[in-house]
Every structure is written in structure tokens, then in C-alpha cells.
Amino acid sequence: MNACPKEAISISYDINGLMLPKIDQEKCVNCGLCTRTCPVNITVEKKAPLKAYAAWNLDDKKHALSSSGGLARAMYDYAIDNGGVCYGTRFDENLDLRIVRADKREEIEEFQSSKYVQAIVGDSFKQAEDDLKMGLLVVYVGTPCQIAGLKNYLKKDYDNLITADLICHGVPSIKYLHEHVEHLEKKIGKKADNVKFRGVYNFKMSLFNKGELIYCKDRWQDTYFTGFLESLFYRPNCYECSYACPERVSDITLGDFWGIGKEKTFNSPKVNGVSVVLPLTEKGLDFIEKMKDKLYLEERSVSEAVNGNDQLNRPSRLHANTSRFIEMYHENGFEKAAFESIKEDMKKNQAKKRKSDRLHLQAKVKWKIVNTFRKITGRGVK
Ligand SMILES: Cc1cc2nc3c(=O)[nH]c(=O)nc-3n(C[C@H](O)[C@H](O)[C@H](O)COP(=O)(O)OP(=O)(O)OC[C@H]3O[C@@H](n4cnc5c(N)ncnc54)[C@H](O)[C@@H]3O)c2cc1C
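Residues numbered from 1 in each chain as written. Predicted model: local features only at pLDDT ≥ 70, side-chain atom pairs only at ≥ 80, totals over all residues. Heavy atoms only, no water.

A. The packing of aromatic side chains, seen in detail. Taken as a whole and judged by the stated rule, the model has 25 aromatic pairs. Relative to Phe334, the ring of Tyr224 has its centre 6.1 Å away and its plane inclined at 45°; by these criteria the two rings are tilted. Linking Tyr224 in helix α8 (residues 223–229) with Phe334 in helix α12 (residues 334–377), this pair joins segments that are 110 residues apart in sequence. Assigned by exposure class, Tyr224 and Phe334 land together as buried. Where Phe325 meets Tyr329, the ring centres are 6.0 Å apart and the plane angle is 25°; that geometry is what we call stacked. In this pair, Phe325 and Tyr329 both sit in helix α11 (residues 322–332), 4 residues apart, roughly one turn of the helix. Like Tyr329, Phe325 is buried. Directly above the ring of Tyr158 sits Lys156, whose terminal nitrogen or CZ lies 4.6 Å from the centroid. Over the face of the ring belonging to Tyr13 we find Lys175, whose NZ or CZ atom lies 4.4 Å from the ring centre. (Phe/Tyr/Trp six-rings, centres within 6.5 Å; stacked < 30°, edge-to-face > 60°. Helix = DSSP H or I, 4+ residues; strand = E, 2+ residues; numbered from the N terminus. Buried < 20%, exposed > 50% of the residue type's maximum accessible area, 1.4 Å probe, protein only. Lys NZ or Arg CZ within 6 Å of the ring centre and 35° of its normal.)

In C-alpha cells:
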């Protein structure tokens, strides 16, 4: 859509609710630019990580509003501090998730936190190109396919462009999220104007109305969130994603550091909210260096980062009930289709969560008793 010189492409939705480009044949001159820009047709050059870091934002408030380490926020802050512009995601008034431009600090807060749904790129590639040509520092964060689309669109590298791609499970259609939110709104009797999926390593589906929390459920108690995490309903191309591998398309890759401590002990003061940061280019490495006074940064091995994170190795696998979900979706809509296809996973994961919460609580109580005994007696306890 961004590449078309005749503005012949618009975005529409197919019967499965998937966002697809629609070409107006009256306007189309068959120049082929769209197929040469599409990141699924033309794969962008990928590079192996130069290094791997475990990292988080040293500003506790900014860190707490993020999904893992608050690294995206640190990148945006650097851009704003240096007169640059930022591209990130924000829900609009219709709860459509859009990649938009921001050049003020107060605008970038909304970009923080992962939104587990496909974002609409809109004309953000065109806007970013205008900013780049004006010589502004541009920080553009998105999924690997979005960054690949941007690179294919720009056709050349710019010294003033810093891209970061997210390690990505896959994205569902915004239609599914809309139907789910409408279902919840009917139950609650209130309209939602914002959706949140995560705090720091805290996976909860939350709905808000003018800042008031009107719904909050653990990931395994919510049909949409469980369906997302269990790979039930991504776009079909996500299951064959050529970007879900250790070699990456941008300057920096950001994700959760799931495998931390598996190769070498991690003596960190934080157990939660640790991001994996992979510089792929010298520009990316240099940018991390520029942000370093704002970050806790510890070099780890690339193999520890890659081995601990499935989506740095392969695309998500299709759920056994995906075809069933699609069939039911046509007949019954999202809520019933998702619930019937995912209810066993919800039960299983809730049982697992109860067990891990119990073990966590037991460990906490034991630790408290031992510590109290130590304080009273002055003796160590085994
Ligand atoms: C759909 C999706 C799937 C993910 N899957 C994994 C995974 O399997 N493994 C893993 O390690 N990490 C995954 N992540 C990345 C992870 O959730 C964090 O975003 C990442 O660790 C960066 O955290 P942060 O604290 O630096 O940034 P945050 O404060 O979380 O900011 C996130 C940045 O991502 C952008 N963003 C948020 N949602 C979207 C979206 N839907 N599309 C495009 N850009 C978006 C925001 O605009 C912002 O720039 C996923 C993220 C998304 C959006």
C-alpha cells in the first residue's frame, strides 16, 4: 500500500477476518512494485547477532510500564532527547492497533507494552521516509515482517534510521480481538477504550474505560489470551514465517530473555523483566553504547539467548484445533469458536498455574519462617 505509486491498494478483511491488501484493477498499472516490496515475497537480508545482552531500563517506572526490559522505551527516549522521531503502536478510538509517528515524550508512553494483535502499518513507511530525507533520527520498532517491509520499501539504508524487531510468536487478526472485547463489554455492561496484555512478565488481559480497570483476567482464564499463547489463530503466513530464526532483519532484536541462567549463572538483582537484546549491525551496537547509561547491560552468550527462545529458532506451530476454530468461526463467531477450541488448554494451564503458585507460596512462607528463626536465635538453619 505504501509502495503503490497509483494509490491502487487499500486494506480489507477476508472471511476469516484476516487483513489483506485489495488492488483496484482500474488504477493498477502492473508495475509490480507491490510484489517487490512485500516482505513475504521478497525476503530481506538477515544478519547473525554480533553479541547478546541481558538488559533492562534503569528507570523503574518506565521499566514497569513495559513488557520485559523497557528497551524499546530507552530507544524512543534517546530519539526524543536528540530531536528525533519514533514509530510504535497505539490503539485508536476504534481499538484498531496502528503504527504511528511520535515526536513528543508524552506520546511514547502508549507505545510501551506488547499488544498481541496485528498492527496496521498504515502510511507509516511513507512518513518515516519523509523524516529520514529531512535528516531526522528515526527509531522504528515492529515485528520482523514489518521491519522487512520498511526496508523493502526504502530500498536503501539510511545512517539516521535505527530499526528494532521484536521476537514474535505470530499475530492474530484485529477482528478477533474486537469480537472478544465486544463480548466482554456486553458481560460487563461498560465500553472499553484500551486493552493491555502485559506488565513486566505479568500476563493479564485487562480492559480499561477512561483509565478505570473494567476487566482483568489471568492469561489462562481468557479465551483470546490463551488462544494467542497456544498459537490457535495467527495469520497463516506466521506459521511459515521466514523471519523466525536467529538471523534477523533489523539493527537490534528485542525479546524476553527466557533462557537466562541456563548456560551461566545469572547473578542479577532482578528476576523479572529481563530483555534479550541482540545487536545485528555496527549501527545497532553503537546505538546500544549510546543508551548504556540508561540501562543495566550484561553481555551473555548468543547461544544462551537463541537456545532459550523458541521463536529465535522456528515459527510457531499450528495448534491441533486451528481448522476447527476457523470452521466454527464462520458458523458461530469468535467467542464460541475460541472457547470450544481452547477450553482443554485453559483447564490444563490453569491447573499448572495453581500448582506453581502453590509452590511459590510455600517457598515464600518457608523462607520467611527460616529468616524469622535466624533473627530470633542468631543461628543458621538448613
Ligand atoms: C505479537 C508479539 C509477539 C511476541 N512474541 C514474543 C515471543 O514469542 N518471544 C519473545 O521473547 N518476545 C516476544 N515478543 C516481544 C516481547 O513481548 C516484548 O515486546 C519485547 O521483549 C520488548 O520488550 P520491551 O519491554 O523492550 O518493550 P515494550 O515496552 O513491551 O514495547 C514494545 C514495543 O513493541 C511495539 N509493539 C507492541 N505490540 C506490537 C505489535 N502488535 N506489532 C508491532 N509492534 C508492537 C511497541 O510499539 C513498542 O515499540 C512479542 C511481541 C509482540 C508484539
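Alright, that's what it looks like, and here's the rest.
B. View of the environment of Gly122. Relative to the helices and strands, Gly122 resides in the loop between α4 (105–108) and α5 (124–133). For the pair Gly122 and Arg98, spaced 24 residues apart in the sequence, the C-alpha separation amounts to 7.0 Å.

C. Structural view of a nonpolar patch on the surface. A cluster of nonpolar side chains, namely Leu361, Val365 and Ile369, defines an oily patch on the protein surface of about 290 Å² accessible area. Examined against the element boundaries, Ile369 turns out to sit in helix α12. Of the residues examined, Ile369 reaches a relative accessible area of 54% and is grouped as exposed. (Patch = residues over 30% accessible without salt bridge, like charges linked within 9 Å, V, L, I, M, F, W, Y side chains within 5 Å. Areas by Shrake-Rupley, 256 points an atom, 1.4 Å probe, with all protein chains shown as cover. Salt bridge = Lys/Arg side-chain N within 4 Å of Asp/Glu carboxyl O.)

D. Structural context of the nonpolar core. Residues Tyr140, Leu177, Met205, Leu207, Tyr224, Phe233 and Phe325 are the most contacted members of the largest nonpolar core, which totals 58 residues. Not counting chain neighbours up to four residues away, the residues in contact with Leu177 comprise Phe91, Val117, Phe197, Met205 and Tyr224. (Core = buried A, V, L, I, M, F, W, Y, C linked by side-chain atoms within 4.5 Å. Contact = heavy atoms within 4.5 Å.)

E. Layout of the sheet that holds strand β10 (residues 212–218). Pairing is antiparallel across the open sheet formed by 3 strands, whose spatial order is β8-β9-β10. Edge positions in the open sheet fall to β8 (194–199) and β10, since each of these has one partner strand only. Between one strand axis and the next, the sheet turns by 25° as a mean value, whatever way the strands run. One ladder, built from 5 bridges, connects β8 with strand β9 (residues 202–209); its direction is antiparallel. Opposite Val195, over in β9, you have Leu207 as the bridge partner. Along the sheet face, helix α7 (residues 174–188) touches β8, β9 and β10 and points at about 65° away from the line of β9. (Pairing = 2+ DSSP bridges. Axes fitted to C-alpha atoms, helices over the stretch in contact; angles between N-to-C directions.)

F. Representation of the site of the ligand within the structure. If you check the shell around the ligand, you find 35 residues, and the closest are Tyr76, Ser114, Lys115, Ile167 and His169. Separating an oxygen atom of the ligand from a side-chain N or O atom of Ser68 is a distance of 2.7 Å. Protein burial of the ligand: of its 890 Å² of free accessible surface, 98% is covered by the chains. Those elements that provide at least two residues to the shell around the ligand are α3 (71–81), β4 (85–91), β6 (138–142) and β11 (252–256). No other element matches α3, which puts 3 residues into the shell around the ligand. For the shell around the ligand, the residue count by class is 14 nonpolar, 18 polar and 3 charged. (Near = heavy atom within 4 Å. Polar contact = N/O pair within 3.5 Å; in protein donor to acceptor, adjacent residues only side chain to side chain. Nonpolar A, V, L, I, M, F, W, Y, C, P; charged D, E, K, R; others polar.)

G. Representation of the domain arrangement of the protein within the structure. According to the domain assignment, the protein contains domain 1 (1–37), domain 2 (43–171 + 234–312) and domain 3 (174–231 + 320–372). Its C-alpha centre places domain 1 at a distance of 35 Å from the equivalent point of domain 3. Between domain 1 and domain 3, the contact holds 4 residues from the first and 6 residues from the second. Between domain 1 and domain 3, roughly 460 Å² of surface is buried when both sides are summed, and carbon and sulfur atoms account for 60% of that area. For the pair domain 1 and domain 3, the interface holds 0 salt bridges. Taken together, domain 1 and domain 3 are joined by 2 residue pairs in polar contact (both at pLDDT 80 or more). Looking at side-chain class alone, the side of domain 1 that touches domain 3 contains 2 nonpolar, 2 polar and no charged residues. (Domains from an automatic or database assignment. Buried area = accessible area lost by both parts, 1.4 Å probe.)

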